[in-house]
Amino acid sequence: MVLGGNGMITVLAGGTGSVKLVRGLVSHESKINVISNVGDNYWLYGLYVCPDIDTMVYGLADLLDQDKGWGVKKDTFNFLRQMEVFGEETWFRVGDRDAATHLIRTNMLKNGKNLSEITKWMCEKFAVSANIIPVTDNSIETRITTDKGEMHLQEFWVKHRGRDPVEGIQYIGADKARPNPEAVNAIHDADMIILAPGNPLTSIGPMLQIKGIRKEMIKLKKKVVAVSPLIGNDAVTGPAAKYMEAAGIETNAYGLAKMYSDVCSNIIIDTKDKQLVKKIQDLDIKVYDTKILLKNKTAEDALAHFIKKQVRV
Ligand code: FO1
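Please read all numbers here as calculations on a predicted model, not as lab measurements. One numbering rule holds for all chains: residues counted from 1, following each sequence as written. Thresholds applied to this predicted model are a pLDDT of at least 70 for local features of residues and 80 or more for the giving and counting of side-chain atom pairs; totals over whole chains, interfaces and linings are not thresholded and use all residues. As a convention, hydrogens and water are excluded, and side-chain values are obtained from all of the structure's heavy atoms.

Engineer: Whenever I open this one, the side chain of threonine 90 confuses me. Can you help?
Structural biologist: Looking at the element boundaries, threonine 90 is found in the loop between helix H3 (78-85) and helix H4 (96-110). Accessibility here uses a 1.4 Å probe with only protein chains present; expressed as a share of the type maximum, an area under 20% marks a residue as buried, one over 50% as exposed, and anything in between as partly exposed. Among the residues examined, threonine 90 registers a relative accessible area of 14% and is labelled buried. Throughout, a contact is declared for two residues whenever any of their heavy atoms are within 4.5 Å. The contact partners of threonine 90, leaving out residues within four places of it in the chain, are Tyr45, Leu80, Met83 and Glu84. Starting at the N terminus, helices and strands are each numbered in turn, a helix being any DSSP run of H or I of at least four residues and a strand any DSSP run of E of at least two.

Here it is in structure tokens:
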């Protein structure tokens, strides 16, 4: 990874792909900081839901529903069924155990704790060894504009099943958000900073819109390694390609590299995308290729091993 460093890795993360990468890394490396996106956070029935934080916590605690890529495995849905009886909308499928997470988080917020403190407490409760740090304690809301109007990301993706053409993406509050000082330190002190294979526009993008985070990343770009969430022209999971297209970004590893080129000097792409190497190198970005499809624990471990042994920053 780095010669003479202390082996500290900091990952900017959001979504299922990020969890898979971090799961591999924690089994190889003791000091992992995970800076989490908060742009997907959503108020539901007065409860504060933080999908990217929770997916990471559940993933590392071996509680994640692997088939869905979110929520608690084998969860029940009695709470949601009752909300339906009360006439509430139930398109956002919060399970019973998951609801307890949102309920306790909301209560702690009401009692004056901030999201960072609550997340730390949760990591302890779920015995998660990685240090999960919300990128900010302020509110950022990722909103999607379609021909049906402008809406929260969860409404676009879950309620409307992501089917409408995307016209624009906004990160409400990102310009005023104060970066979490612990996140800035975790970037500053890391031997390697990884942009996880999350959605570049809705998982990683909101974090890079925070001035203090972006500034630190630009300063340390030689240590920054992006892991592509795309193979060919498609995202491994989720709507990344759709958002990239809407933003006028080429939907492949080259488009991703170009988008990240001011904050990142290294990229890991899939071996199937080898033909893009030269084009990406012309952006002054070092390219590594390996298998990035993280379909099981063996693949997760292999990527983590590759990062530790092959990537030099
Ligand atoms: N994704 C869905 O596609 N449908 C759901 O009903 C849903 C519920 C849900 C509840 C809690 C949670 O933490 C995540 C949830 N997700 C659901 C995932 C979420 O919408 C997104 O995939 C993430 O925000 C993207 O990172």
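Engineer: Even after reading the chapter, I still don't get the site of the ligand, so can you show me in this structure?
Structural biologist: Proximity is defined per residue: any heavy atom of the residue falling within 4 Å of a molecule or strand makes that residue near it. Contacts to the ligand come from Gly15, Asp40, Pro51, Asp52, Trp70, Trp91, Phe92, Arg93, Asp98, Gln154, Trp157 and Val158. Backbone polar atom of tryptophan 91 to an oxygen atom of the ligand: 3.5 Å apart, as the coordinates give it. Within the contact set of the ligand, an oxygen atom lies 2.8 Å away from a backbone nitrogen or oxygen of arginine 93. Starting from 530 Å² of accessible surface for the ligand in isolation, the protein chains cover 84%. Space inside and on the surface of the protein is sampled on a 1 Å grid over the protein atoms alone, with a cavity defined as a set of points where a 1.4 Å probe fits but cannot get out and a pocket as an open set with protein on both sides within 12 Å along at least 5 of 7 lines; lining residues have an atom within 4 Å of a point. A molecule is counted as occupying a cavity or pocket when more than half of its atoms fall within 2 Å of that pocket's grid points. One can see that the ligand is located within the largest pocket. Those elements that provide at least two residues to the shell around the ligand are helix H2 (51-60) and helix H6 (153-159). In terms of residues, the shell around the ligand owes the most to one element, H6, which gives three residues. Across the shell around the ligand, the residue classes break down as six nonpolar, two polar and four charged. Any pair of N or O atoms that falls within 3.5 Å is considered a polar contact. Within protein, one atom must be able to donate a hydrogen and the other to accept it, and sequence-neighbouring residues count only if both atoms are side-chain atoms. Surface exposure here means Shrake-Rupley accessible area, sampled with a 1.4 Å probe, where a residue is shielded only by the protein chains that are shown. When residues are sorted by character, Ala, Val, Leu, Ile, Met, Phe, Trp, Tyr, Cys and Pro go into the nonpolar class, Asp, Glu, Lys and Arg into the charged class, and all the rest, Gly among them, into the polar class.

Engineer: Looking at this structure, I do not really get the pattern of salt bridges. What am I missing?
Structural biologist: Between side chains of opposite charge, pairing is possible as soon as their charged atoms come close. We count a salt bridge whenever a side-chain nitrogen from Lys or Arg sits within 4 Å of a carboxyl oxygen from Asp or Glu. Within the structure shown, the criterion is met by 15 salt bridges. In this structure, aspartate 164 engages lysine 148 in a salt bridge whose closest nitrogen and oxygen atoms are separated by 3.0 Å. With aspartate 164 in the loop between H6 and strand S8 (166-172) and lysine 148 in the loop between strand S6 (141-146) and strand S7 (149-152), this pair connects stretches of sequence that are 16 residues apart. According to the relative accessible area criterion, aspartate 164 is buried, its value standing at 7%. By relative accessible area, which is 56% here, lysine 148 ends up exposed. Here glutamate 250 and lysine 279 are joined by a salt bridge, their closest N and O atoms 3.4 Å apart. Placement of the pair is glutamate 250 in the loop between helix H10 (240-246) and helix H11 (253-260) and lysine 279 in helix H12 (residues 277-281), with a sequence separation of 29 residues. Relative accessible area serves as the criterion here: at 37%, lysine 279 is assigned to the partly exposed category. Through salt bridges with shared partners, a single ionic network connects Glu141, Arg143 and Glu150.

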